[in-house]
Amino acid sequence: MNIQDLVDMSDEDYAEAVSQVAKGRREFPEWWRLVLHPDLIDATEQMLLNAKSSAEQQALTPDRYPAARGFARKMGGLLMEIRLTRAARGEG
């Protein structure tokens with residue numbers, strides 16, 4: 001798969017791809033590096049922000065969503081990695 005295949009994905013498909021990458025980033029770090037490509041990093045960041053926001057809302061009802069708080073923290077960690085990547089590249 002090349003970068004353009006990912007760029008051309010629908011938002012829904014890309015969100016699923018980012019979800020899979022996030023789950024497997026320790027096992028497949030090259031996948032994580034791929035979604036941090038300059039052509040994809042903005043979309044990746046938006047998908048993670050959306051996931052974090054949803055998890056934070058779910059965390060308000062821990063009886064129903066007991067894992068939501070941990071998931072929101074994980075998304076926050078991934079967002080920090082994006083900020084660090086941008087800083088390392090000299091991006092705003």
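Caption draft 1: Representation of the nonpolar core. Within the largest apolar cluster, 17 residues are counted, with the highest numbers of intra-cluster contacts made by Tyr14, Trp32, Leu48 and Leu78. Mapped onto this core, the elements with two or more residues apiece are helix H1 (3-7), helix H2 (11-24), helix H3 (29-35), helix H4 (41-58) and helix H5 (68-89). The contact partners of Tyr14, leaving out residues within four places of it in the chain, are Leu6, Met9, Val35, Leu40, Ala43, Thr44 and Met47.

Caption draft 2: How the structure looks around the packing of aromatic side chains. Going through the model one piece at a time under the given rule, you end up with 1 aromatic pair. A ring pair is formed by Phe28 and Trp31, whose centres lie 4.2 Å apart and whose planes are at 15°; its orientation type is stacked. We classify Phe28 as partly exposed; its relative accessible area is 31%. Here the basic side chain of Arg25 rests over the ring of Trp32, its NZ or CZ set 5.8 Å away from the ring centre.

Caption draft 3: Just the environment of Ala51, in detail. The topology assignment puts Ala51 in helix H4. Ignoring anything within four residues of it in the chain, the contact list for Ala51 reads Phe71 and Met75.

What counts as what
- In every chain, residue numbers begin from 1 and rise along the written sequence.
- Where local features are concerned, this predicted model is filtered to residues with pLDDT of at least 70; where side-chain atom pairs are given and counted, the filter is 80 or more; whole-chain, interface and lining totals use all residues.
- Hydrogens are left out, water is left out, and the side-chain values use all remaining heavy atoms of the structure.
- For our purposes a nonpolar core is just a set of buried Ala, Val, Leu, Ile, Met, Phe, Trp, Tyr and Cys residues, chained together by side-chain atoms within 4.5 Å.
- Only protein chains enter the area calculation, which uses a 1.4 Å probe; residues under 20% of their type maximum are buried, those over 50% are exposed, and those in between are partly exposed.
- Put simply, DSSP H or I for four residues or longer makes a helix, DSSP E for two residues or longer makes a strand, and each gets a number counted from the N terminus.
- In this analysis, two residues are considered to be in contact whenever any of their non-hydrogen atoms come within 4.5 Å of each other.
- In this analysis, rings of Phe, Tyr and Trp, with Trp reduced to its six-membered ring, are considered paired at centre separations within 6.5 Å, and the interplanar angle assigns stacked below 30 degrees, edge-to-face beyond 60, and tilted for intermediate values.
- For a lysine, the NZ atom is tested; for an arginine, the CZ atom; a charge sits over a ring if that atom is within 6 Å of the ring centre and within 35 degrees of the ring normal.

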